[in-house]
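# Fold and contact review
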Amino acid sequence: MSLINKMLQDLDARGTPDGRGDAAGIRSVPERERGLPRALVFGGAAGLTAAAIALGWVYLKRPAVPPVLINVASTPVLAPVVAAPVAPVVALEPEPVFQAEEVAPAPAKARPAELRRIVEKAARPAAASVVKTPAPAASERIIDGKQVTAQQRVENEYRRALAQLQDGRVSDAMLALQQTLQLDPRHQGARETLVRLLLEAQRPDEAARQLQLSLALDPKQPAQAMMLARLQLDKANGGAAALETLTRSLPHAADNGEYRAFLAGVLQREQRYREASEQYQQALQTAPDNSVWWMGLGIALQADNHPAQARQAFERAKGLQTLSPQLQAFVERKLVQLTAAVSK
């Protein structure tokens, strides 16, 4: 400030002729009187500058998202996503699968593979059953807005049964199969699948009834006749019923060697040896290298008092060398007996 006062004093001295200031004219202001307003100006400017710098620093350092208080009671908010604890995986026990009842061997527990086998066997005859009973137009129904014939309803029910069987729901599948047979008693795929499931469930009497119903409607089913005959043989004095079943379907199994050999065995069991040997001979025409059937023929001929022919049959069975060790030993004993009988 002293520099500014000096400059003012110099200007004041140059403004008068004698170099002195006029008391009534321009005169220098005392240092304290002239310095106070300028100090305020500079001080205010410095203060404003500092305030601006401070505000800028605060603005730059402010948080990205200011905290906001939320009234939980009045404002709906999304709950934080919390990872739920993973529930332990529990292995579901499969529904109990019924045991299979075979005619000769002891029953064994059915496995999932056995259910798949039943489903695969059932699916094959299903296509043939579609054309057996065409539904009349009067039997059409509207289901879910679609026109469905009676035959389509049958096939839908049958497919539902197979799907339940694949899922292991055996009881539901059996009910669906029974419903299928109520809609179409001639549906062989449903009938045979139901019979197999009944045997798996150790319910042979119900299986036999289903087979009897099926054969009464259509006797041209040798496989079902053989299955029914096996079930009948398990009963006391069931040989006569088995023979009746097999004889009824025999005209439809003329070229079936398995069928004739099975019939021969039943006849042999009923001590009708001559008829048994005839059926074995016809069976062997379809399979000349079946050693078991040759052995059966030898037994029937020996029992019917034809030792020479029986010996030939046993020799043929032995010569094929396809018998099990037990049966091979049995045939050799028979040959020894027949050789001794012929030499006498």
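Residues numbered from 1 in each chain as written. Predicted model: local features only at pLDDT ≥ 70, side-chain atom pairs only at ≥ 80, totals over all residues. Heavy atoms only, no water.

On to the overall build of the protein. Helix and strand counts for the protein stand at 14 helices and four strands. Evaluated residue by residue, the protein yields a buried proportion of 31% over its 344 residues. Taking the contacts inside the protein whose residues are at least 6 apart along the sequence as the reference set, 49% of them involve residues at least 24 apart. In the structure as shown, the protein presents an accessible area of about 22,600 Å², 58% of it carried by carbon and sulfur atoms. (Helix = DSSP H or I, 4+ residues; strand = E, 2+ residues; numbered from the N terminus. Buried < 20%, exposed > 50% of the residue type's maximum accessible area, 1.4 Å probe, protein only. Contact = heavy atoms within 4.5 Å. Areas by Shrake-Rupley, 256 points an atom, 1.4 Å probe, with all protein chains shown as cover.)

It is worth spelling out the pattern of salt bridges at this point. Scanning the entire structure with this criterion turns up nine salt bridges. With its nearest N and O atoms 3.2 Å apart, the salt bridge here joins Glu-244 to Arg-248. Of this pair, Glu-244 and Arg-248 both sit in helix H9 (residues 239–249), four residues apart, roughly one helical turn. Looking at Glu-244, the relative accessible area reads 51%, which means it is exposed. The salt bridge involving Glu-278 is made with Arg-274; its shortest N-O contact spans 3.0 Å. Residue Glu-278 and its partner Arg-274 are located together in helix H11 (residues 273–286), separated by four residues, close to a single helical turn. Given a relative accessible area of 35%, Glu-278 falls into the partly exposed group. (Salt bridge = Lys/Arg side-chain N within 4 Å of Asp/Glu carboxyl O.)

So, on to the nonpolar core. Leu-177, Leu-246, Tyr-259, Phe-262 and Val-266 are the most contacted members of the largest nonpolar core, which totals 38 residues. For this core, the secondary structure elements donating two or more residues are helix H4 (150–166), helix H5 (170–183), helix H6 (188–200), helix H7 (204–217), helix H8 (222–233), H9 and helix H10 (257–269). The residues touching Leu-246, leaving out its near neighbours within four places in the chain, are Ala-225, Met-226, Ala-229, Tyr-259, Phe-262, Leu-263 and Val-266. With 18 residues, the next largest nonpolar core counts Ala-317, Leu-323, Val-331 and Leu-335 among its residues. (Core = buried A, V, L, I, M, F, W, Y, C linked by side-chain atoms within 4.5 Å.)

Okay, the environment of Val-195 next. Looking at the secondary structure, you find Val-195 in helix H6. Relative accessible area serves as the criterion here: at 1%, Val-195 is assigned to the buried category. For the pair Val-195 and Glu-206, spaced eleven residues apart in sequence, the C-alpha to C-alpha distance is 8.0 Å.

For helix H12 (residues 291–303), built from 13 residues, the straight-helix expectation of 18 Å at 1.5 Å per residue is met to within 8% by its first-to-last C-alpha distance of 19 Å. Restricting attention to buried positions, one finds in H12 the residues Ser-291, Trp-293, Trp-294, Met-295, Gly-296, Leu-297, Gly-298, Ala-300 and Leu-301. Along its buried surface, H12 packs onto H10, H11, helix H13 (307–320) and helix H14 (325–343). If you check the start of H12, you find a side-chain oxygen 3.2 Å away from the backbone N of Val-292, and it comes from Asn-290. (Expected span 1.5 Å × (residues − 1). Polar contact = N/O pair within 3.5 Å; in protein donor to acceptor, adjacent residues only side chain to side chain.)

Attention now goes to the confidence of the model for the protein. When pLDDT is averaged along the protein, the result is 75, and 60% of the positions lie at 70 or above. The low-confidence segment residues 16–29 (pLDDT under 50) makes ten contacts with residues lying over four places distant or belonging to another chain. Between residues 65–110, whose pLDDT stays under 50, and residues either more than four places distant or in other chains, the model counts 33 contacts. (pLDDT = per-residue confidence, 0-100.)

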